[in-house]
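Read off the chains here:
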Amino acid sequence: MLDAELIAARERRGGEAPRVLDVGGGSGVLAVPLAVEGCAVTVVEPSPNALATLHRRAQEAGVADRITAVQGDSDALDQLVAPAAADLVLAHGLLEVVDDPKATVAALVGVVAPGGALSVLVANRFAAVLHRAISGRLVDARKLLDDPAGVLGGAGEALLRRFDTESLRALLADTDLAVELIQGQGVVSDLVTGSVLEVSAGAPDALAELELAAAVTPALRDIATRLHAIARR
Ligand SMILES: C[S@@+](CC[C@H](N)C(=O)[O-])C[C@H]1O[C@@H](n2cnc3c(N)ncnc32)[C@H](O)[C@@H]1O
């Protein structure tokens with residue numbers, strides 16, 4: 001899906017490299033492959049350790065010249081990045097950890113170029129309930145279900161909140177971008193065990209096809225491990 005976005009961005013720019021801004025880009029899990037594909041990527045990331053790993057990965061992949069790493073926080077995005085200067089803005093795994101998701105989304109929206117898109121990937125609170133229950137952690141599953149933010153709190157919880165389809169849609173609907181899509185990630189593939197893939201030679205392909213269909217089937221999307229939204233200017 002991001003591939004199609006990048007092809008469209010390149011066309012809009014008359015063949016020039018798509019400009020990608022990866023906020024909370026961590027150690028470059030997305031940024032490095034995107035740079036390898038020819039994008040000009042800026043990563044905004046507060047963690048110096050993550051940035052050091054990003055730097056090493058970019059060097060190893062031979063794309064250090066296509067990645068600009070900026071140490072900073074999404075709160076200060078308007079001071080770090082020019083407005084409306086990114087064809088694709090990534091906020092993957094970010095909105096669960098920031099202090100104020102609404103303010104972060106507003107800042108992210110401000111850097112999307114005309115015709116460009118914001119890609120948001122968040123953890124789904126209902127999937128977290130199911131995954132705890134399936135692994136036998138029934139008390140935690142119930143606590144997660146009852147908690148309005150979909151988190152357990154305490155030392156074992158890395159996230160400040162999880163989302164569901166409606167809360168994600170509401171967060172994005174409050175902006176001047178058009179929400180084009182909300183789909184699931186890891187609907188079925190995160191639930192089946194490895195042995196399912198050994199049932200037949202065609203099982204991996206069958207699972208991939210099932211996953212694609214399930215990702216856009218609302219009732220199944222709503223229990224996906226992650227929710228992926230695309231919003232466009
Ligand atoms: C779960 S990781 C996601 C990394 C990467 N986006 C990915 O999808 O693999 C969350 C990242 O957000 C960064 N982060 C936390 N608070 C942030 C903030 N206020 N502004 C920008 N990044 C932040 C963390 O340091 C971490 O690298």
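Just above sits the structure.
Note that the structure is a prediction, hence the values are computed from the model and not measured.

A. Up close: the site of the ligand. Around the ligand, the structure places Gly 24, Gly 25, Gly 26, Glu 45, Pro 46, Asp 73, Ser 74, His 92, Gly 93, Leu 94, Val 97 and Val 98. Note that a nitrogen atom of the ligand is positioned 2.8 Å from one of the backbone N or O atoms of Gly 24. Within the contact set of the ligand, a nitrogen atom lies 3.0 Å away from a side-chain nitrogen or oxygen of Asp 73. In the complex, 70% of the free accessible area of the ligand, which totals 600 Å², lies under the protein chains.

B. Focus on unusual backbone geometry. The phi torsion at Ala 84 lies on the positive side, around 50°, for a residue other than glycine. For Ala 84, the location among the structural elements is in the loop between helix 4 (77-80) and strand 4 (86-92). Relative accessible area serves as the criterion here: at 34%, Ala 84 is assigned to the partly exposed category.

C. Examining the sheet that holds strand 7 (residues 226-232) more closely. Taking strand neighbours across the sheet as the criterion, the seven strands line up as 3-2-1-4-5-7-6 in an open arrangement whose pairing is mixed. Each of the sheet's edge strands pairs with one partner strand only, and the pair in question is strand 3 (67-71) and strand 6 (178-185). Sheet twist, expressed as the average angle between the axes of neighbouring strands with direction ignored, equals 15°. Where helix 1 (residues 2-12) meets the sheet, its contacts fall on strand 1 (19-23), strand 4, strand 5 (112-123) and strand 7, and the angle it forms with strand 4 comes to roughly 155°.

D. The arrangement of the side chain of Ser 74 in detail. Relative to the assigned elements, Ser 74 resides in the loop between strand 3 and helix 4. Every residue in contact with Ser 74, bar those within four places of it in the chain, is listed here: Val 23, Leu 94, Val 98, Thr 104 and Ala 107.

E. Spatial organisation of the nonpolar core. Judged by nonpolar contacts, the single largest core of 29 residues is most densely connected at Leu 21, Val 89, Leu 95, Leu 118 and Val 120. Those elements giving two or more residues to this core turn out to be strand 1, strand 4, helix 5 (101-110), strand 5, helix 8 (165-173) and strand 7. In terms of residue count, strand 5 provides more of this core than any other element does, four residues in total. When near neighbours in sequence (up to four residues on either side) are disregarded, Val 89 contacts Leu 21, Val 23, Leu 108, Val 111, Val 112, Ala 117, Leu 118 and Ser 119.

F. Representation of a negative patch on the surface. A cluster of acidic side chains, namely Asp 73, Asp 75, Asp 99 and Asp 100, defines a negative patch on the protein surface. Within the fold, Asp 75 resides in the loop between strand 3 and helix 4.

G. Layout of a nonpolar patch on the surface. A cluster of nonpolar residues, Leu 130, Ile 134 and Leu 191, forms a patch on the protein surface that exposes about 260 Å² of accessible area. Tracing the chain through its elements places Leu 191 in the loop between strand 6 and helix 9 (203-215).

Thresholds applied
Residues numbered from 1 in each chain as written. Predicted model: local features only at pLDDT ≥ 70, side-chain atom pairs only at ≥ 80, totals over all residues. Heavy atoms only, no water. Near = heavy atom within 4 Å. Polar contact = N/O pair within 3.5 Å; in protein donor to acceptor, adjacent residues only side chain to side chain. Areas by Shrake-Rupley, 256 points an atom, 1.4 Å probe, with all protein chains shown as cover. Helix = DSSP H or I, 4+ residues; strand = E, 2+ residues; numbered from the N terminus. Buried < 20%, exposed > 50% of the residue type's maximum accessible area, 1.4 Å probe, protein only. Pairing = 2+ DSSP bridges. Axes fitted to C-alpha atoms, helices over the stretch in contact; angles between N-to-C directions. Contact = heavy atoms within 4.5 Å. Core = buried A, V, L, I, M, F, W, Y, C linked by side-chain atoms within 4.5 Å. Patch = residues over 30% accessible without salt bridge, like charges linked within 9 Å, V, L, I, M, F, W, Y side chains within 5 Å. Salt bridge = Lys/Arg side-chain N within 4 Å of Asp/Glu carboxyl O. Lys, Arg positive; Asp, Glu negative; His and termini not counted. Charge placed at Lys NZ, Arg CZ, Asp CG, Glu CD.

Such coordinate-based values are descriptive only and should not be taken to indicate function.
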